[in-house]
Structure formats: C-alpha cells, structure tokens
Amino acid sequence: MDAEARLAAALGAASAPARDPGFTLAVIRAAEADRFKAEALRSTLTSGAVAAAAACLALMLAGWASLNWSGVQTGILGAGGIFALVATARLMTQRLAPAAVR
Amino acid sequence: MTPDDEARLIAAARKGDSRAYAALVDAHQQAVRGFLRRFAGHWADADDLAQEAFVTAWAKLSRFEGRSSFRSWVSGIGFRIARDAKRAHGRAQVRDSAWLDEQDNVEEGAPLEDRIAVQRAMAELPDEQRAVVALCLGEGFSHSEAAEILKLPLGTVKSHVTRGRERLLRALETDDGR
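As the structure is a prediction and not an experimental result, all values here were calculated from the model.

For chain B, the helix and strand inventory stands at 9 helices and 0 strands. Residue burial in chain B is summarised as follows: out of 178 residues, 39% are buried. Within chain B, residue pairs in contact and separated by at least 24 positions form 68% of the contacts whose partners lie at least 6 positions apart.

Another aspect to go through is the interface of chain B and chain A. A common measure of how large an interface is: the accessible area buried when the components associate. Between chain B and chain A, the contact holds 27 residues from the first and 23 residues from the second. Taken together, the elements giving at least two residues each to the side of chain B that touches chain A come down to α2 (18-40), α3 (43-59), α6 (112-124), α7 (127-138) and α9 (154-177) of chain B. Top element by residues in the side of chain B that touches chain A is α2 of chain B. It accounts for 11 residues. Among the residues making up the side of chain B that touches chain A, the classes are represented as 13 nonpolar, 7 polar and 7 charged.

Residue and element names in this part refer to chain B. Running from N to C, α2 and α7 point in directions that differ by 140°, and their axes come no closer than 8 Å. One finds that α2 runs oblique with respect to α7. Taken as a pair, α2 and α7 cross one another with a handedness that is right-handed. For the pair α2 and α7, contact is made by G34, F35, R38 and F39 and by R130, A131, A134, L135 and G138, respectively. Taken together, the residues of the contact of α2 with α7 sort by class into 5 nonpolar, 2 polar and 2 charged.

Residues and elements named next belong to chain B. With 53 residues, the main nonpolar core has L36, F54, V118, L135 and A146 as its most contacted residues. With 9 residues, α2 is the largest single contributor of residues to this core. Ignoring any residue separated from it by four or fewer positions in sequence, one finds A146 in contact with V132, L135, C136, F141 and V157.

Look at helix α1 (residues 3-14) of chain B: 16 Å from first C-alpha to last across 12 residues, which is about the 16 Å you get at 1.5 Å a residue. Phi turns positive, to about 100°, at G16 of chain B, one or two residues after α1 of chain B.

As a further point, take unusual backbone geometry. Trans peptide bonds make up most of the peptide bonds, and negative phi angles are found at most residues other than glycine. Residues and elements named next belong to chain B. For K151, which is not a glycine, the phi torsion comes out positive at approximately 55°. Note that K151 resides in the loop between α8 (143-150) and α9. What makes K151 exposed here is the crowd of 10 C-beta atoms within 10 Å.

All names here are of chain B. With respect to the helices, strands and loops of the structure, G155 is situated in helix α9. Of the residues examined, G155 has 10 C-beta atoms within 10 Å and is grouped as exposed. For the pair G155 and H143, spaced 12 residues apart in sequence, the C-alpha separation works out to 9.0 Å.

About the cut-offs
- Counting from 1, residues in each chain are numbered in the order their sequence is written.
- Chain labels run from A onward and ligand labels from 1 onward, assigned in the order the entries are written.
- The model is predicted, so local features are restricted to residues of pLDDT at least 70 and side-chain atom pairs to those at 80 or more, both for listing and for counting; the totals for chains, interfaces and linings are taken over all residues.
- Every helix listed is a DSSP run of H or I at least four residues long, and every strand listed is a run of E at least two residues long, numbered separately from the N terminus.
- Once C-beta atoms are placed from the backbone, each residue is buried if 20 or more other C-beta atoms lie within 10 Å of its own, exposed if 12 or fewer, and partly exposed for counts between those two.
- The contact criterion used is a C-beta to C-beta distance within 7 Å, with each C-beta placed from the backbone.
- Three residue categories are used. Nonpolar comprises Ala, Val, Leu, Ile, Met, Phe, Trp, Tyr, Cys and Pro, charged comprises Asp, Glu, Lys and Arg, and polar comprises the others, including Gly.
- To obtain each axis, a line is fitted to C-alpha atoms, and for helices this fit is confined to the stretch in contact; angles are then taken between N-to-C directions over 0 to 180 degrees.
- Under this scheme an angle from 65 to 115 degrees is roughly perpendicular, one under 35 degrees roughly parallel, and one over 145 degrees roughly antiparallel; angles in between are oblique.
- Crossing chirality is assigned from the near helix's rotation relative to the far helix, an anticlockwise turn below a right angle marking it left-handed and a clockwise turn marking it right-handed.
- Take the buried Ala, Val, Leu, Ile, Met, Phe, Trp, Tyr and Cys residues, join any whose C-beta atoms are within 7 Å, and the set you get is a nonpolar core.
- One less than the number of residues in a helix, times 1.5 Å, gives the span that helix is expected to have.

Set out below in structure tokens:
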C-alpha cells in the first residue's frame, strides 16, 4: 500500500457511522431540553416583571394614601355608601319581583 | 437527500417539527461528526461538539439563508464551537472507553500505527490547517465548501490542503523509519 492510500485509510478510520439513531435522539432531546429551559426562563421573567410592577403600584398607592389619609377615608366612606345603596336596591328588587308575578 | 427534500425539511424544522430536524441530523451527522472527530482529535469531545452544533443550528435555523448547504453551515457552527470551547472531559470518558472497546473489535482498516501517526501529526497542525485537512481530506468537502465553512480565502484553503497532506505523509514515512 502506498503512502497516499495509507493516509486515506488512516484518516478514514476516524469517520462516524453512516446512521446513528442514538446520536440523532440525543440531539433532539438536548434541543428540546434547551427549548424547555428557555420557555421556563421567559415565563419566570414575565411573572417576575408583572409581580415587580404590581409591588411598585402597591407601594405608590400606600405612599399616596398615607399622605392623603382624609381623602382616602372619604373615598372609603363614599364607596361603602354606594355599596350599601346598591345592595339595598338589589334586595328590594328581589323581594318585589315575586310579588309582582303574583 | 435531494436539495428539494432538504429545503422541505428545513422549512418544517423552522416551524418546530422535530421529526423533520431529526431527518436532517440523521442525514448529515456522519459528515459533521467525522470532521469534528478529525479536527478535535478527541472522540467523545468531538461528538459532544457535534451535538452542540446541531442543537445550536436548530435554534438559529431562522438565520440559515441557504447560501451554502446545510451540512456546510452546521460544520461551520461546529468548527467555531470547537475552536472556542474549553471543556471538561469527565462527560466524555464513558463514550471514549466505549469507542476504544469498539476499536478493539475492528478487524479491517488502517493499521493502528498509521492511525496513531496520523492522529499525532494532525494534532500538531495549526487549527485552520487541521480543520481544512479534516474537511477536505477526511470528509471529502470541496475546497470552496471548506473556504465557506472556515471563512477563509480559497487560495489559503488550497495551500493548507497541500501542506497538510505533505506533513501527514511525512509523519507516515517517519513512522516507517522507526
């Protein structure tokens, strides 16, 4: 065998198998694991951002409320009054409706 | 696989079809792994690198413009990963020993002394020259494909092939003289 042929044979010894389902499966599994990690990271970051925004809003609201406590009290009383009014109206409607049918 | 089949599989894989991508990997793993085995010189690491190259290729498939073949594109990704990688070898040892067991059972092919001499000579070649030799002499890529993969001028690739072949032949002759 001449040197060229020996070189070709020696280089050819390092070749990979023509078909290797194990390798293909390993690639697909690794790719899907990577995708899952990326999705999980994206979802964590989104949830974190929403939570941080909600916390900021809550802090700002608390700060504003402590500075304008009398306004907040008026607001709470007003909201309570409206709620009571609506509840009374609903109650009366429910009691009057069967009487009207009769 | 015809270029039309390949284009169809690439389009499907872009949409996330893992079966289509598996078919692409199946068709091209031999060339990519063969190249990286010769370039990296360390079997198990080379297969890990090839796996990483295919995983990266799928993630970046939307950027594949089709100017080169898919196998050239993945080989280029593999080359850059291999060149930059500084890897631990623990994970590789199991597959290494499996390969060594497999080699013990190989009856045909190049004599062990030739393989060792060529492997040693390959390890001594500069990175670019080794990559060119692995692609063109090992896997049968054309000079222009190798130039595209390695981002080298065609003339440089040709001279790397000539000089690389000379050095490997010299290594075989030196081995005979011992």
